[in-house]
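Report on the structure
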Amino acid sequence: MSTGHSKLHVLLLLVLLICSVHTSASSHTTAPCFPADATALLQLKRSFLDTNLTSWRAGTDCCRWDAVSCDAVSGRVISLDLGGRDLRSRGLDPALFNLTSLRNLSLAGNDFMRASLPSFGFELLTEMVHLNFSDTCFCGPIPIGIARLRKLVTLDFSSYEYTTELLFLEVPSFQTIIANLSSLRELHLNGVDISSSGETWSIALANSTPELQILTLLDCGLSGSIHHSFSRLRSLVEIDLRGNAVAGKVPDFFADFPLLSSLRLSHNDFEGQFPTKIFHLKCLRILTVSWNPKLSGHLPSFPVENKLEVLVLHGTNFSDALPVSIVNLKSLSNLALTTEGISKQLTLIGKLQSLRELSLLATSLGVEKPHFSWIGDLKHLTRLGIVGYNFSEPIPSWIGNLTNLMFLELISCNFYGTIPPWIGNLTQLSFIDFGGNYLTGKIPRYLFTLPEVQSLFLTSNQLSGHLEDIENPLSSSLSDICLSDNQIGGSIPQSYFQLPSLEVLDLSSNKLTGTVKLSSFWRLSKLFDLRLSNNMLSLIDEGGDSLLSLPPNINVLELASCNLTEFPGTLRFMDEIVMLDLSMNHITGAIPSWVWERLSYLNLSHNMFTSLEKFTTLVPMTSLDVLDLSFNRLEGNIPIPQVKIRSQNGMVLDYSNNNFNSILPNFGKYLRETTHLDLSKNKLTGQIPTSICSASKLQTLDLSYNYFSGSIPSCLITQTNLIVLKLRGNQVKGVLPNNIREGCMLETIDLSSNCITGKLPRSLSNCRGLGLLDVSNNQIADSFPSWLGILPKLRVLVLRSNRFVGVIMDLQENDRIMKHFSSLQILDLASNNFSGNLPQGWFNELESMIENDNNEGQVIGHQINPSEEFYQDTVTITFKGFDLIFTKILTTFKVIDFSKNSFDGPIPESIGRLVSLHGLNMSYNNFTGQIPSQLGNLTRLESMDLSWNHLSGEIPQELTSLTSLAWLNLSYNNFTGRIPQGNQFLTFPNSSFEGNAGLCGSQISKQCDNPGSTTPRASDHPESNSLWQDKLDAILLFTFVGLGFGVGFALAIMFQHLCRIDGWTCKRC
């Protein structure tokens, strides 16, 4: 009975299945493709430059075409999946929007060649559920029509490829786009600029996407902290916020998301303690919080059932104390830590046999060698990264035990010696990076022939010898060869031009020689990044207008200092090039007009260009990150880029050191995305255009050494985004604005050598980050600005050659508590009318000068753009008797100059506490009394000038301990007795002591046993012509011999009034 029922059930199921299949087949055959949809698809196909859509043919049923699915009843196209088909198009054809029944659309992984998305059309696709435009090379705004797609479950506009042009959300805003997408489960916007949302992005998500499960916002320009309302998104499974500027604490409420399996917060500004309870989430598999340097925490005790697979903590302040329970992480395959490398607890990691990837970053480059031999026991490792440790030894042999390694990264670890031969036994290696060490000798040939090797990075070492030919280059899988910043000589081997998979070749900054045809590189069909700068190569371009040998799809081309004499003609055929560096060559004539069409980075500096071909003041450009035309012979109007697609990091424009003499009055409105503008050392005249105020994102502005006059636009000092303002060497006048608001971002203000009057605005104290203030050589009439002492980062204060008056008051007790001038390292008050006694206690507050640190110091300046070099501050001071422009200021260089005032009384003994001082100038005052013996404590002093005062007594013997002292001037005082004879004092000339009738000693050829010997002293103090002439004659000598610690950085020597040589004239107010 039961058997019969079973057979009956099976029979019924078969009948139902057959009927179902018949019904499905009938419905498909009875509802062919909707004709209008077929027409739209064929038009879309025609918009692609090359296509593999062979099944898409007119007269056939489009529902049977590749990548197309239709509704079985209506025949309307409901799904179009063209993802990953390597299609190319110059824009999205509007015919797509005729497919109004689409529910699923994917164009992912195709190339739309930096076109903009259509402004209209998306709003017609109201049935859309899944929309994927990832990696499509679209640029510009995401259209408002996306906001109308209320049924969206998945939205993906991510970009992972290298590009400087981005999709962005501004108008419409991020909030507007997602406001009606309440059904959204997955949101992927990696690389989309949504910075305009400010700090409200997390609130918008909480209010609009209650069912969100997957959120990836990598590199989106996010800022602010995560709002508490974000805690409502309890369905989240994956969160990826890497590469933003999200600040504040990591929210505790993440630990309340029961489904959370992946939390990626790396490369942000999180701070405080990481919530330990997040580690205990039962579903958590991936946790990455690396490169949040202000984030701290510790690892908890891990239960046996923990399922964590990826734990990335390096670049944080997490404690490197490992709990014994770390051995319970049986599923852990990827671990990255910051550690000193000497803790015995690290050996516990050697017990994690599931580990496949291990990255260790040093807390700092210490003196102790790390103890990492236990890593050799992790036989299953496929990836090993060790960065920043002080090994100070050859590459250790225990690495040779890791025979499964595919990825080996040993960066900046002070490894020296040759590359060991046992590396050749690691036959699985595909990626090798030994950059930033001290490796020497030739590069072993076997590195290029390892069977799996694809990427080889040996940059910034001391490798030498010649490159050898690669055996069997046609069968090589090498894709990346980066050997820059070594000492490799000889020619480029011919086999390098035969590597079929080569994509990146960087041989820059070596000693390569020979003549190379650019066409040799064009044989490499996959090459997209070529860097040959700063060798001794001579490149020849034979392309011209010929199309016989088109170059490959080059994106990056760096040919600086390659002895080029003309613009390579083949460049005009490179449709994909976005970065071009032809600086430091000998190219003359006009800059070709076609060069502006595609580039986002263009460096033509240090050439001999005289004009722009087909010049118009506004230069249309698709996109732009960096434009550097400095150090050429360009003249006339400054070319202003008119950019269609905005840059992620803002534009950098450098027109300095040319002969430009005019600029569009309204140029500022075209520079709204500009962050750095350098117009220095040109011939610009008239008032500074007020349109500069429209460049609201400007962070660095340098107008130095022009002929600007009139007053300074107040916005340059009062607007909040500006960090560097340099107007040195112009003719601007008037008083400085006094309405600087709180939140001022200025870090450098250089207004020297102008005609500014009035007082220093007290509201400068609102610029809490101010590090350099130089108002020298103006007509400012004020008292000493003690109120600037509250600025915690003020390092350089230069007030010389103005009309400052009055005394320097000692600090009150409450001022000492506030640490006045605690960071000051250069203080120049020379050539003013200050008077009175110098207070003893005042110098005790100069903590930076009191510190006896032995580090090498850092250059003071600003990182203006992630893709550009460091922008260095400069200052002019008197050092060793000469006015010098320091183009690099080290944080360890300390100078005080109080010369040419009316100070009187004794020299304060407390100056002897300033043990890191390198220069002290108190000349041309009315100081009296003896030289304090405490000045003998200034063991780093290189220059001391106490001349033209009324000092008396003997020269202290303690000064002979100043073994760094290279320049001393004690002339024209009332010193008596024997000149000290030890150490440096035996090297000083007669001019150091002249004008002191009571001195004797070998330095002035006056024996101390001859009491009748005298040296006449002038009755007044003006400097003699002969003394000035001696200084003038010594300039060249000092230029070539060098002047010691800081002056080795001085690249220009200027006279007292800073006359502009090389065609510039002295400027007077």
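Residues numbered from 1 in each chain as written. Predicted model: local features only at pLDDT ≥ 70, side-chain atom pairs only at ≥ 80, totals over all residues. Heavy atoms only, no water.

Summing up its helical and strand segments, the protein chain has eight helices and 73 strands in all. Residues counted as buried form 55% of the 1069 residues belonging to the protein chain. Across the protein chain, every contact between residues at least 6 apart in sequence was considered, and the portion connecting residues at least 24 apart equals 59%. Accessible surface, the protein chain as shown: approximately 43900 Å² in total, 51% of it carbon and sulfur. (Helix = DSSP H or I, 4+ residues; strand = E, 2+ residues; numbered from the N terminus. Buried < 20%, exposed > 50% of the residue type's maximum accessible area, 1.4 Å probe, protein only. Contact = heavy atoms within 4.5 Å. Areas by Shrake-Rupley, 256 points an atom, 1.4 Å probe, with all protein chains shown as cover.)

Pairing between side chains of opposite charge can happen when the charged atoms of each approach one another. The tally for this structure, following the rule as stated, stands at 20 salt bridges. Between Glu468 and Lys442 there is a salt bridge; the shortest N-O distance is 3.1 Å. Highlighted residues: Glu468 in the loop between β29 (462-463) and β30 (480-482) and Lys442 in the loop between β27 (438-441) and β28 (455-457), separated in sequence by 26 residues. A residue is classified by how much of its surface remains accessible, and Lys442, at 43% relative accessible area, is partly exposed. Between Arg445 and Glu471 there is a salt bridge, with the nearest N and O atoms lying 3.4 Å from each other. On the criterion of sequence distance, the pair formed by Arg445 in the loop between β27 and β28 and Glu471 in the loop between β29 and β30 is long-range, its members being 26 residues apart. The class for Arg445 is partly exposed, based on a relative accessible area of 36%. Salt bridges here are not isolated pairs; linked through shared partners, they connect Lys442, Arg445, Glu468 and Glu471. (Salt bridge = Lys/Arg side-chain N within 4 Å of Asp/Glu carboxyl O.)

The seven strands lie next to each other as β57-β59-β65-β67-β69-β71-β72, forming an open sheet whose pairing is parallel. Each edge of the open sheet carries a strand with a single partner, namely β57 (805-806) and β72 (998-1000). Two strands pair when backbone bridges link them, and strand β69 (residues 950-953) and strand β71 (residues 974-978) are joined in this way by two bridges, in the parallel orientation. If you follow Ser952 over to β71, its bridge partner there is Asn974. (Pairing = 2+ DSSP bridges.)

The full count for this structure, using the stated rule, is five disulfides. For Cys693, the disulfide goes to Cys715, at an S-S distance of 1.9 Å. Handedness of the Cys693-Cys715 disulfide follows from its S-S torsion of about -80°: it is left-handed. Of this pair, Cys693 sits in the loop between β48 (685-687) and β49 (700-702) while Cys715 sits in helix α5 (residues 715-718), and the two are 22 residues apart along the sequence. Taking the relative accessible area as the measure of exposure, Cys693 reaches 29% and is therefore partly exposed. (Disulfide = S-S within 2.5 Å.)

As defined by bridge partners, strand β21 (residues 334-339) adjoins strand β22 (residues 357-362) across six bridges and the pair is classed as parallel. Opposite Thr338, over in β22, you have Leu361 as the bridge partner. Here five bridges tie β22 to strand β23 (residues 383-387), and the two strands are oriented parallel to one another. Across the sheet, the residue bridging to Leu358 is Leu384, located in β23.

A separate point is helix α2 (residues 35-46). Its 12 residues place the ends of α2 17 Å apart at the C-alpha level, agreeing with the 16 Å of an ideal helix rising 1.5 Å per residue. Regarding α2, the residues found buried are Asp37, Ala38, Ala40, Leu41, Leu42, Leu44 and Lys45. Turning to α2, the residues buried within the fold contact β1 (48-50), β2 (68-70) and β3 (77-81). (Expected span 1.5 Å × (residues − 1).)

Turning our attention to the confidence of the model for the protein chain. Per-residue confidence for the protein chain averages 87 on the pLDDT scale, and 88% of its residues sit at or above 70. Contacts from residues 1-29, a stretch scored under 50 in pLDDT, to residues over four places away or in other chains number five contacts. In the model, residues 1012-1066 has pLDDT below 50 throughout and makes 83 contacts with residues more than four positions away in sequence or in other chains. (pLDDT = per-residue confidence, 0-100.)

To continue, consider the packing of aromatic side chains. Tallying each qualifying case throughout the model produces 44 aromatic pairs. Here the aromatic residues Phe784, Phe804, Phe821, Phe834, Trp842, Phe843, Phe898, Phe903 and Phe927 are joined through ring pairs into a cluster of three or more. The aromatic ring of Phe407 is capped on one face by Arg383, whose charged end is 3.6 Å from the ring centroid. Positioned over the ring face of Tyr924 is Lys900, at 5.6 Å from the centre of the ring. (Phe/Tyr/Trp six-rings, centres within 6.5 Å; stacked < 30°, edge-to-face > 60°. Lys NZ or Arg CZ within 6 Å of the ring centre and 35° of its normal.)

Most of helix α4 (residues 201-208) sits inside the fold, with six of its eight residues counted as buried. Within the span of α4, buried status applies to Trp201, Ser202, Ala204, Leu205, Ala206 and Ser208. In this structure, the buried residues of α4 make contact with α3 (174-178), β10 (186-188), β11 (214-216), β12 (223-224) and β14 (245-248).

Across two bridges, strand β31 (residues 489-490) lies against strand β33 (residues 511-517) in parallel orientation. Considered in β33, the bridge of Gly490 is made with Leu512.

This brings us to the sheet that holds β33. Across the sheet, three strands lie side by side as β31-β33-β35; this open sheet has parallel pairing. A strand with exactly one partner marks an edge of an open sheet, and here the two such strands are β31 and β35 (536-540).

For Ser495, the position within the fold is in the loop between β31 and β32 (504-506). A polar contact of 2.7 Å, which involves the side chain of Ser495, links it to the side chain of Asp469. Sequence-distant contacts of Ser495, that is, excluding residues within four places in its chain, are made with Asp469, Ile470 and Pro473. (Polar contact = N/O pair within 3.5 Å; in protein donor to acceptor, adjacent residues only side chain to side chain.)

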